[in-house]
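So you can see what is in the structure, the chains are spelled out below.
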Amino acid sequence: MKIERIQDAVLPTPWGEFKIIGFKEKSNDKNHVALTYGKINHVKPVLLRIHSECLTGDALFSLRCDCGEQLKTSLMLIAKLGSGILIYHRQEGRNIGLLNKIKAYNLQDQGLDTVEANHKLGFSADERDFTICADILKLMRIDQVKLLTNNPLKVKILHDSGINVVKRVDLIVPHNPKNKKYLNTKISKMGHVMPKKYS
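For the structure given in this document, a descriptive report is provided here. (Residues numbered from 1 in each chain as written. Predicted model: local features only at pLDDT ≥ 70, side-chain atom pairs only at ≥ 80, totals over all residues. Heavy atoms only, no water.)

1. Digging into the sheet that holds strand 7 (residues 164-169)
Convention followed: Pairing between two strands requires that DSSP report at least two bridges joining them. Strands here are runs of E lasting at least two residues and helices are runs of H or I lasting at least four, both read from the DSSP assignment and numbered beginning at the N terminus. The angle between two axes is taken between their N-to-C directions and runs from 0 to 180 degrees, where each axis is a line fitted to C-alpha atoms and a helix contributes only its stretch in contact. Contact between two residues is taken to exist if any of their heavy atoms lie within 4.5 Å; hydrogens are not considered.
Read from one edge of the open sheet, 7 strands run 1-2-3-5-4-6-7, paired in mixed fashion. The open sheet has two edge strands with one neighbour each: strand 1 (3-13) and strand 7. Going from strand to strand, the sheet's axes swing by 25° on average, the running direction of each strand aside. Sitting on the sheet, helix 6 (residues 131-139) touches strand 1, strand 2 (16-25), strand 3 (31-37), strand 4 (46-52), strand 5 (84-89) and strand 6 (144-148), and the angle it makes with strand 1 is about 80°. Sheet strands touched by helix 7 (residues 152-160): strand 4, strand 6 and strand 7. Its angle to strand 4, the strand with the most contacts, is close to 115°.

Structure follows, in structure tokens:
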């Protein structure tokens, strides 16, 4: 188990009152949080969103990605359903870090796509460790989920880590002219499941 649970508190949001639970990685003290809404059923599958940290999209309203829209939509859907969990997975820039993400943005400004930019900087297309999220779920006594994601890799890693993903739920949010290339790269190079190519 890579994670330990630290503390929880009430977190009011525009979509309702969540509980925020803090977790810490044992090896490096890195922090992650889970937001829970309503009564979590430990017998039936719970709606889960794993949202990887994106300062530029989540907090600074960047149009280069769809992260901010995905975060807002996920919280809204969980609240509308009446229960669910959002894990805020603090691995910025697919876990290359904020400053390397800005370097990758610069390379994208020169014409590279997100995968090419990561490779140019010496990283794989996706450096994230989703087994941490599986550990968080186990500490919360959750072993079966409906996963709100377009990324089949998340499904596989959770399954391989002992979490039963009974269903993958599409997360489709509005796109814009600034993030079409980013979304198409997700589809063509990272295997994300989306309705169609964005033109």
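2. What about unusual backbone geometry?
The cut-off we apply is this: Per-residue accessibility, obtained with a 1.4 Å probe over protein chains only, is compared with the maximum for each type, and a residue is labelled buried under 20%, exposed over 50%, and partly exposed between these values.
The backbone of Phe61 sits at a positive phi, close to 65°, despite the residue not being glycine. In this fold, Phe61 is placed in the loop between helix 1 (55-59) and helix 2 (67-81). Accessibility expressed as a relative area gives 66% for Phe61, which makes it exposed.

3. Describing empty space enclosed by the protein
For clarity, the threshold we go by: Definitions used throughout: a 1 Å grid over protein atoms alone; a cavity as a set of points that fits a 1.4 Å probe which cannot get out; a pocket as an open set with protein on both sides within 12 Å along at least five of seven lines; a lining residue as one with an atom within 4 Å of a point. Grid points are joined across faces, edges and corners, and a volume is the space filled by probe spheres set on the points. When residues are sorted by character, Ala, Val, Leu, Ile, Met, Phe, Trp, Tyr, Cys and Pro go into the nonpolar class, Asp, Glu, Lys and Arg into the charged class, and all the rest, Gly among them, into the polar class.
On inspection of all chains with the given rule, the structure shows 2 cavities of 30 Å³ or more. Of the volumes computed, that of the largest cavity is approximately 450 Å³. Only strand 4, helix 2, helix 3 (92-95), helix 4 (98-109), helix 5 (114-120) and helix 8 (180-190) provide two or more residues apiece to the lining of the largest cavity. Classifying every residue of the lining of the largest cavity by side-chain character gives 8 nonpolar, 11 polar and 9 charged.

Any functional reading would require information beyond the geometric quantities listed.
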